[in-house]
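# Coordinate inspection notes
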Amino acid sequence: MGIFELFKKRDSGEAQQAALESGLGKSREGIFGRLSRAVAGKSRVDEEVLDELEEILITADVGVETTVRIIERIEARVARDKYLGTAELDTILREEVAALLAEAPAAESSSELGMLFEKDASGNPFVLMVVGVNGVGKTTTIGKLAARLTAAGKKVFLGAADTFRAAAIDQLEVWAERSGARLVKQQMGADPASVAFDTLSAARAAGADVAIIDTAGRLHNKINLMNELAKIRNVMQKVVPGAPHEVMLVVDGSTGQNAFEQAKQFSAATQISSLAVTKLDGTAKGGVVIGISDQFRIPVRYIGVGEGVDDLQVFDRARFVASLFGEGR
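Residues numbered from 1 in each chain as written. Predicted model: local features only at pLDDT ≥ 70, side-chain atom pairs only at ≥ 80, totals over all residues. Heavy atoms only, no water.

### Let's talk about helix α12 (residues 288-296)
Going by this rule: Per-residue accessibility, obtained with a 1.4 Å probe over protein chains only, is compared with the maximum for each type, and a residue is labelled buried under 20%, exposed over 50%, and partly exposed between these values. Put simply, DSSP marks the helices as runs of H or I at least four residues long and the strands as runs of E at least two long, and each gets a number from the N terminus on.
Most of α12 sits inside the fold, with 7 of its 9 residues counted as buried. V288, V289, I290, G291, I292, S293 and D294 are the residues of α12 that are buried. At the C-terminal side of α12, R297 shows a positive phi close to 55°.

### Side note on the sheet that holds strand β6 (residues 274-278)
Our working rule: Pairing between strands is defined by DSSP: at least two bridges between them are needed. Think of each axis as a best-fit line through the C-alpha atoms, taken over the contacting stretch in the case of a helix, with angles from 0 to 180 degrees between the N-to-C directions.
Taken together, the 8 strands give an open sheet; going across it, the order is β3-β2-β4-β1-β5-β6-β7-β8, and neighbouring strands pair in mixed fashion. The strands lining the two open edges of the sheet, one partner per strand, are β3 (182-184) and β8 (312-314). On average, each strand axis in the sheet is inclined to that of its neighbour by 25°, with strand direction left out of account.

### As for unusual backbone geometry
With an omega of -5°, the peptide bond running from A243 to P244 counts as cis. With respect to the helices and strands, P244 occurs in the loop between α10 (222-239) and β5 (246-252). The backbone phi angle of D61 is positive, close to 65°, even though this residue is not glycine. Mapped onto the secondary structure, D61 falls in the loop between α4 (47-59) and α5 (64-81). Positioned with a positive phi, K279 is a non-glycine residue whose angle comes to about 55°. Along the chain, the position of K279 falls in the loop between β6 and α12.

### Some remarks on the nonpolar core
Rules: In this description, a nonpolar core means a group of buried Ala, Val, Leu, Ile, Met, Phe, Trp, Tyr and Cys residues linked to one another through side-chain atoms lying within 4.5 Å. By definition in these notes, contact holds between two residues if any of their heavy atoms fall within 4.5 Å.
L93, L158, I212 and I303 are the most contacted members of the largest nonpolar core, which totals 100 residues. Once residues within four sequence positions are removed from consideration, I303 is found in contact with L20, V277, L280, V289, D311, L312, Q313, F315 and F320.

### Observations regarding the side chain of K144
What counts, and what does not: Neither His nor the chain ends is counted toward charge; the positive residues are Lys and Arg and the negative residues Asp and Glu. Within this document, salt bridges are pairs made up of a side-chain nitrogen of Lys or Arg and a carboxyl oxygen of Asp or Glu, the two lying within 4 Å of each other.
Position of K144 among the secondary structure elements: in helix α7 (residues 138-151). Buried K144, no salt bridge; nearest opposite-charge side chain is E307, N-O distance 5.4 Å. Excluding residues within four positions of it along the chain, K144 makes contact with W175, G306, E307, G308, V309 and L312.

### Topic: a nonpolar patch on the surface
For clarity, the threshold we go by: Only residues whose relative accessible area exceeds 30% and that take part in no salt bridge are eligible for patches, with like-charged residues grouped when within 9 Å of each other and nonpolar side chains (Val, Leu, Ile, Met, Phe, Trp, Tyr) grouped when within 5 Å. Note on areas: Shrake-Rupley, 1.4 Å probe, and residue coverage restricted to the protein chains presented here.
Taken together, the side chains of I58, V64 and V68 present a nonpolar region at the surface, about 210 Å² in accessible area. Looking at where I58 falls in the secondary structure, it is placed in helix α4.

Interpretation note: all reported values are geometric properties and have no functional meaning in isolation.
Right, dumping it as structure tokens:
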């Protein structure tokens with residue numbers, strides 16, 4: 001079955017919701033399974049219950065700072081209402097996490113693609129630069145996104161600017177063939193900025209809608225990383241003024257606190273516009289999405305909840321909370 005048939009078959013509503021709920025199953029059980037055991041035999045939310053909840057959220061990689069904020073919100077409700085039964089704790093927790101996420105910057109979107117992906121007034125392509133360390137699913141995320149874009153009728157160019165790994169170039173080439181995107185590459189070890197220049201030049205000449213630039217996934221040293229990304233940015237702006245229009249950091253949700261550290265390092269090295277959090281299926285660390293969104297104040301654009309092309313989902317805060325906390329609980 002081809003890539004376009006896959007997209008024609010999918011039900012973008014119910015099917016995606018089911019995939020999200022399935023992908024977050026381990027995280028949901030990790031939080032509520034432990035919470036149920038913690039409140040067993042207790043009738044009200046007291047200090048001991050809150051201490052247990054704090055440990056559960058930290059273990060789920062929500063992050064210490066965000067966990068403290070959630071606990072403080074619940075404490076304020078306990079103080080205000082004087083009495084809260086443990087049966088209400090699930091609902092209260094869901095409401096407070098939803099409120100916390102609502103305060104974080106939202107990724108503006110006018111379509112199910114997750115962002116506008118529109119040419120500028122001069123007809124130049126929308127330029128997306130993707131950053132992240134090796135192994136987080138960066139190239140796969142680019143490939144899945146290219147597939148969604150071409151299925152939506154967009155003309156897409158991919159730039160293989162991760163020239164330090166032959167496997168990265170080969171992998172991106174496979175995705176280009178699958179999705180119908182056009183790949184621009186050079187030999188391994190070539191100057192990444194040169195690849196970015198060639199990609200944007202070719203995309204502009206061909207009247208492409210979108211150009212996506214893959215970059216090297218190395219946290220070698222912050223100064224080198226900063227210089228390399230700055231050079232790529234400067235070269236791209238010579239071809240398309242204002243490029244890149246978005247810089248998306250891809251992090252592996254299953255790594256928990258390592259994802260926080262990566263977000264910190266890359267935010268220091270370059271201006272990050274958005275996040276994609278991958279590999280949330282098969283892990284109990286889904287809380288990392290809450291913590292990263294809250295602490296870094298960077299919009300979460302996409303989440304990955306499976307291996308399929310359509311398992312790269314546009315992040316919907318309400319849908320995420322409903323799936324993580326179980327709407328029918």
